[in-house]
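Spelled out from the first residue to the last, the chains are:
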Amino acid sequence: MLCTALGIVLGLLVALYGLFELHYFLRMCLCVVTARYLKKRMHILDTGTVVGLCLTNDIDTLLYHMNNARYLREIDFARVDFYERTALYRTIRSKGGSVVQGATTIRYRRFIRPFTRFTISSRIVYWDNQSIFMEHRFLGVADGFIHCIALCRQRVMQCSVEDVMATLLKSGISLQQQQQQQQQGTAGKKQPSTMTSSTEFLEKVETGAVGGTIPDTASLAKPDLPPEVAKWLEWNDISSASLRSEC
């Protein structure tokens, strides 16, 4: 009886791995839970960092460096971490919108060897009324060398990006105020925090439970359009026009 039960469980696991990339879904769930409940909240214009490790299931057929496709996969996990810690995704959903990956360009500069640790830094470099542009860098832990850099265009649908960013910039001001109060309070008795995630904090901002201060112009400043992003957008427009002409 026990052998039969173990055989059924083993068969189910094999079937799940055959039909779905189970490791991907499990790791994604872990990233969401960790970012939402265990990591510090972030201002929307801060740079998020996650740590990665090149394992044997990440290398290509040459067996001595990370497969090129795995870089984009790792960016998925870094982006989810950023979304959760800044409450970006929740804010988009709260305004009735959704977000999809609109475009990606990636440049490889140096191999990441097996069993090598690296970090991925993620930040928003620009936005317009329809899209958010993020930059992701793969950095060597030992020397800080930029092994790879990617630009991603997050297309936001059914809501205004400017409205989303205005909400998050406002929450960032309140977050800075709260952090300053907590730092000042370390000299005395430490008060327990009642806000355990970026989601809960954003709810308090939206309902007015967290007071704001006079906006910090540095925190509210929209980044200038980087020249490489401008050229990339120009290429995308040319590509779109060429494809439309073929239809």
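Residues numbered from 1 in each chain as written. Predicted model: local features only at pLDDT ≥ 70, side-chain atom pairs only at ≥ 80, totals over all residues. Heavy atoms only, no water.

Caption draft 1: Focus on the pattern of salt bridges. Applying the stated criterion to the full structure yields twelve salt bridges. When the shortest N-O distance is used, the salt bridge between Glu74 and Arg27 registers 2.9 Å. Residue Glu74 is found in helix H3 (residues 68-86), and its partner Arg27 is found in helix H2 (residues 22-37); the two are separated by 47 residues along the sequence. For the salt bridge of Asp143 with Arg110, the shortest nitrogen-to-oxygen distance reads 3.6 Å. Here the residue Asp143 occupies a position in the loop between strand E4 (131-140) and strand E5 (146-157), and Arg110 occupies one in the loop between strand E2 (98-108) and strand E3 (117-127), the gap between them amounting to 33 residues. For Asp143, a relative accessible area of 52% gives the class exposed. On the accessibility criterion, Arg110 (42% relative accessible area) is partly exposed. Through salt bridges with shared partners, a single network forms among Lys39, Asp81 and Arg85. (Salt bridge = Lys/Arg side-chain N within 4 Å of Asp/Glu carboxyl O. Helix = DSSP H or I, 4+ residues; strand = E, 2+ residues; numbered from the N terminus. Buried < 20%, exposed > 50% of the residue type's maximum accessible area, 1.4 Å probe, protein only.)

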